[in-house]
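Remarks on the overall topology
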Amino acid sequence: MKFFLPLFLLHTISHPLGLHAFVHPSNSISNKIALNPINKFNFSFLQTKLYEEKVKTQEMTSAGDTDAIDDADKFDANGYRKGSLMAATAAYGRVPYGEESRKYRRTVFDYDDWVSHRNGEKIVTNIKGMFFSGVIRQLKEEVLFVTTVAACVVLWNDFLIFPDEFLNGFTLPKVVLPALPFTLSSPALGLLLVFKTNASYARWSEARTTWAKVVAQSRNMVRMASTFVTGEEGDREKIQDLSNAVWLLSRSTMNSLLGGFEDEEDYREQVMSVYSGSVKDRLIAQKIVDSGDRTMAALAHASTALDNVPIDEKRRVEIDKSLVIMGDCIGVCEKIYTSPVPLVYTRHTGRFLSLWMLLLPTAMYDAFADKTSVAASLGNFQCLALIPATAIVGLFLFGIEELAMQLEEPFSILPMQKFCDDVRRSTKTISEWSFDEKCEEKDLM
């Protein structure tokens, strides 16, 4: 019986990490949840979160909130925001994780989100979220591996070493290492993880700042052009062409940063929809879509659209400065996208952490085997506490490295579609407002 106890405990630990069969072939969400206590807890937490978001949406709509009504197309049939993690969870019956989850992590906050973010139940929420987190599920292989090592250490030291008389006085050695090397090396490991995390966050922050500049300069171009034109016949169409070209530049940049596969169908559909007015527009759109370098083709098209706006040369130069800044921003995005944190650093950190975690159970064993320790209350099985302790330490240390990996390439978790939609909406509002004012002034005259 005692030979199976470590394996049984290892199996029990694996459940919260999603290391068991989680999804069944049935389309029903309730049938997709394996019938064990941990998954029942996860499913209950999932239902609560989904219900809260659905009720919030319904209350906004029933109260006559114009923003909720105008944006009704942003919600699916269940009342969840399209493209959100909640909508994906409701559709698949499980929490997406890994590469699959990145497109659902493009968070955009509003006032209600900030209020919820500052809630006073952080401890309860965080503990519940541990069993619901996609990042934790992403770590299942690493945590399972180090937990298996800890189980093997306990199995060998406490259950497989026979008394001396069975081997004619020969004693099998225990698998134990002193704790001093781990104590001395832990600061170095901490520095490596902190540097990697800081470098990855800096890349995310730079990418977000760069896209903020793209949105701002897009607005500036259309604002200045709309203000500088005299409002004569044909000016509105020229400004509209410039507005479309500016949007196309940001949208093409987004397409190139997503690798094309995820975004290809949406990109073609949106571009052809915006450029559906005349035969000339459709030809321009098709030419850019078929281009080998869509971003540079869109940049050239924006330059041509600006040159066609009937304003004097000095003002055109001022507007062109914004286009130059947008070109610089595209270069920054390409730099981040094509140049990871030096691979030699990433690999050394990963090897250091992996070896450190694999050997850690052998250094922790003596502390759990000490008869004077707190774990001594477990009696002869006190060393079994080493297994969950190793799993928890591995979960958090590997989790730090995983966070750095998730942030290192920031564009697939940035809401770039929202940025492009903002460019489209704001430039349209600016141009229409400017021309309406010019028309009103002419009528008054």
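What counts, and at which threshold
- Residues numbered from 1 in each chain as written.
- Predicted model: local features only at pLDDT ≥ 70, side-chain atom pairs only at ≥ 80, totals over all residues.
- Heavy atoms only, no water.
- Helix = DSSP H or I, 4+ residues; strand = E, 2+ residues; numbered from the N terminus.
- Buried < 20%, exposed > 50% of the residue type's maximum accessible area, 1.4 Å probe, protein only.
- Contact = heavy atoms within 4.5 Å.
- 1 Å grid on protein atoms, 1.4 Å probe; cavity = no way out; pocket = protein on both sides within 12 Å on 5 of 7 lines; lining within 4 Å.
- Points joined across faces, edges and corners; volume = space filled by probe spheres on them.
- Nonpolar A, V, L, I, M, F, W, Y, C, P; charged D, E, K, R; others polar.
- Polar contact = N/O pair within 3.5 Å; in protein donor to acceptor, adjacent residues only side chain to side chain.
- Salt bridge = Lys/Arg side-chain N within 4 Å of Asp/Glu carboxyl O.
- Axes fitted to C-alpha atoms, helices over the stretch in contact; angles between N-to-C directions.
- Parallel < 35°, antiparallel > 145°, perpendicular 65-115°, else oblique.
- Phe/Tyr/Trp six-rings, centres within 6.5 Å; stacked < 30°, edge-to-face > 60°.
- Patch = residues over 30% accessible without salt bridge, like charges linked within 9 Å, V, L, I, M, F, W, Y side chains within 5 Å.
- Areas by Shrake-Rupley, 256 points an atom, 1.4 Å probe, with all protein chains shown as cover.
- Disulfide = S-S within 2.5 Å.
- Core = buried A, V, L, I, M, F, W, Y, C linked by side-chain atoms within 4.5 Å.

**Structural notes on the overall build of the protein**
Within the protein, the secondary structure is distributed over 18 helices and zero strands. The buried share of the protein, reckoned over its 445 residues, is 39%. Intrachain contacts of the protein at a sequence separation of at least 6 include 72% that bridge at least 24 residues.

**A look at the layout of surface pockets**
Size it by volume and the second largest pocket reaches roughly 380 Å³. Lining the second largest pocket are 15 residues; nearest its centre among them are K280, I284, H301, T304 and N308. Mapped onto the lining of the second largest pocket, the elements with two or more residues apiece are α11 (235-257), α13 (279-289) and α14 (294-307). In terms of residue class, the lining of the second largest pocket is built from six nonpolar, four polar and five charged.

**Quick look at the environment of T338**
Along the chain, T338 turns up in helix α15 (residues 313-338). As a C-alpha pair, T338 and L257 span 81 residues in sequence and 9.6 Å in three-dimensional space. Side-chain polar atoms of T338 contact the backbone oxygen of E334, separated by 2.7 Å.

**A word on the pattern of salt bridges**
What the rule picks out here adds up to 11 salt bridges. For the salt bridge of E408 with K196, the shortest nitrogen-to-oxygen distance reads 3.8 Å. Taken as a pair, E408 in helix α17 (residues 386-408) and K196 in helix α10 (residues 180-228) lie far apart in primary sequence, 212 residues in all. No difference in accessibility class separates E408 from K196, as the two residues are buried. Put simply, K321 and E318 hold a salt bridge, and the shortest N to O gap is 3.1 Å. With K321 and E318 both in helix α15 and three residues apart, this pair spans about one turn of that helix. We classify K321 as partly exposed; its relative accessible area is 45%. Taking the relative accessible area as the measure of exposure, E318 reaches 40% and is therefore partly exposed.

**Let's talk about the environment of L172**
In this fold, L172 is placed in the loop between α9 (140-160) and α10. Along the chain, L172 and L160 lie 12 residues apart, while their C-alpha atoms are 9.3 Å from each other.

**Notes on the packing of α11 against α15**
Across the interface, α11 lies against α15 with an axial gap of 11 Å and an inter-helix angle of 5 degrees. By the angle between their axes, α11 is roughly parallel relative to α15. On α15, the residues that touch V246, L249, T253, S256 and L257 of α11 are L323, M326, I330, C333 and Y337. For the contact of α11 with α15, the class distribution of residues is eight nonpolar, two polar and no charged.

**Examining the side chain of S412**
In this fold, S412 is placed in the loop between α17 and α18 (416-444). Overall, the relative accessible area of 11% leaves S412 in the buried class. A polar contact is formed between the side chain of S412 and the side chain of E409, at a distance of 2.7 Å.

**Quick look at the packing of aromatic side chains**
Under the definition given, this model contains six aromatic pairs. A centroid spacing of 5.8 Å and a plane angle of 35 degrees characterise the contact between W211 and F419, whose relative ring orientation is tilted. Of this pair, W211 sits in helix α10 while F419 sits in helix α18; the two residues are 208 residues apart in sequence, bridging distant segments of the chain. Each member of the pair W211 and F419 is classed as buried.

**Digging into the side chain of H301**
In this structure, H301 sits in helix α14. If near-sequence neighbours (up to four positions away) are discounted, H301 is found in contact with A245, L248, Y275, I284 and I288.

**A closer look at a nonpolar patch on the surface**
On the surface, a cluster of nonpolar side chains totalling about 240 Å² of accessible area is made up of L177, L355 and L359. By the secondary structure assignment, L177 is in the loop between α9 and α10.

**Notes on the state of the cysteines**
On inspection of all chains with the given rule, the structure shows zero disulfides. Left without a disulfide partner, C329 is nearest to the cysteine sulfur of C333, which lies 6.9 Å away. C329 sits in the buried class, given a relative accessible area of 4%. On the basis of relative accessibility, which here comes to 1%, the residue C333 falls in the buried class.

**So, the nonpolar core**
Residues W211, M221, L242, L248, V271, F411 and M416 are the most contacted members of the largest nonpolar core, which totals 47 residues. Broken down by secondary-structure element, the contributors of at least two residues to this core are α10, α11, α12 (264-274), α13, α14, α15 and α18. Ranked by residues supplied to this core, first place goes to α11 with nine residues. The contact partners of V271, leaving out residues within four places of it in the chain, are W247, L248, A285 and V289.

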